[in-house]
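# Structural features, examined
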Amino acid sequence: MENPTPHAPRLLGILCHWCSYSAADAAAAARLPLPPGLSTLRVMCTGRIAPELVVEALRRGADGVLVCGCHLGDCHYNSGNHKALGRLRLLARMLADMGMEPGRLRMEWVSAGEAERYAELAHETIAELRELGPLRWPTPQSEKGPSKRHG
């Protein structure tokens, strides 16, 4: 009997233009190994990430999302990373309430000079997603059919 093919997780990295995207670019330029299944999306600031963007990425097949921004206190837009932290903490609680594992959404601070750290985070996150297995997104009630109300 053959072993089933292990799950190959899909990870979306949403990266701040000023710091984290530069770190990812430096990692690629230095030919640091990055995990297969990693896609990146550059945003000007993590403070501009709408929670809907994360949810849509998960809905469209990402097994997890890694948000990387400037270190706290170093945001090019003053407080964008603080805003992102608050929004993503709230989103993480909402996703957990829906039954989603906490390891599927991660936020980290990565400066432009931290290419190795970015590569390590990507590998760590992919490994965690592999352990969690494929995302089984909750089916919306509208796709399940009409609800049965008692009363």
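Anyway, here's the lowdown on the structure attached to this text.

Quick notes on the rules
- Numbers given for residues are sequential positions, taken from 1 along each chain in its written order.
- With pLDDT at 70 or above as the cut-off, local features in this predicted model cover only qualifying residues; side-chain atom pairs require 80 or more to be listed or tallied, and sums for whole chains, interfaces and linings still use all residues.
- Side-chain metrics in this entry use all non-hydrogen atoms of the structure; hydrogen atoms and water are not considered.
- In DSSP terms, a helix is any run of H or I states spanning at least four residues, a strand is any run of E spanning at least two, and both are numbered starting from the N terminus.
- A helix is expected to reach a length of 1.5 Å times the quantity of its residues less one.
- Burial classes follow relative accessibility: with a 1.4 Å probe on protein chains only, a residue under 20% of its type's maximum area counts as buried, one over 50% as exposed, and anything between as partly exposed.
- The directions from the helix axis to the C-beta atoms form the arc being described.
- The rule for a salt bridge is simple: a side-chain nitrogen of Lys or Arg has to be within 4 Å of a carboxyl oxygen of Asp or Glu.
- Here a cavity denotes grid points, spaced 1 Å and computed from the protein atoms alone, that fit a 1.4 Å probe unable to get out, and a pocket denotes an open set having protein on both sides within 12 Å along at least 5 of 7 lines; residues with an atom within 4 Å of a point are the lining.
- Grid points are joined across faces, edges and corners, and a volume is the space filled by probe spheres set on the points.

## Here's the deal with helix α3 (residues 80-97)
- Its 18 residues give α3 an end-to-end C-alpha distance of 26 Å, which sits within 8% of 26 Å, the value for a rise of 1.5 Å per residue.
- What α3 keeps buried is the set Gly80, Asn81, Ala84, Leu85, Leu88, Leu91 and Leu95. When α3 is viewed along its axis, its buried side chains cluster within an angular range of 140 degrees and face the same direction. Those residues of α3 that are exposed and angled more than 90 degrees off the buried face are Arg89, Arg93 and Asp97.
- Of the residues trailing α3, Gly99 is marked for its positive phi of about 100 degrees.

## Quick look at the pattern of salt bridges
- Enumeration according to the criterion identifies six salt bridges in this entry.
- Residue Arg104 is joined to Glu101 by a salt bridge in which the shortest nitrogen-to-oxygen separation is 2.7 Å.
- Judged by its relative accessible area of 1%, Arg104 falls in the buried class.
- Glu124 is the partner of Arg106 in a salt bridge, and the nearest nitrogen-oxygen pair spans 2.9 Å. Taken together, the residues span a long stretch of sequence, with Arg106 in strand β4 (residues 105-109) and Glu124 in helix α4 (residues 115-132) at a distance of 18 residues.
- Taken together, the salt bridges that share partners define one network made up of Arg106, Glu108, Arg117 and Glu124.

## Let's talk about empty space enclosed by the protein
- The full count for this structure, using the stated rule, is one cavity of 30 Å³ or more.
- As a volume, the largest cavity reaches approximately 50 Å³.
- Together, Ala92, Leu95, Ala96, Met100, Glu101, Pro102 and Leu105 line the largest cavity.
- Here the lining of the largest cavity takes three residues from α3, the largest share from any one element.

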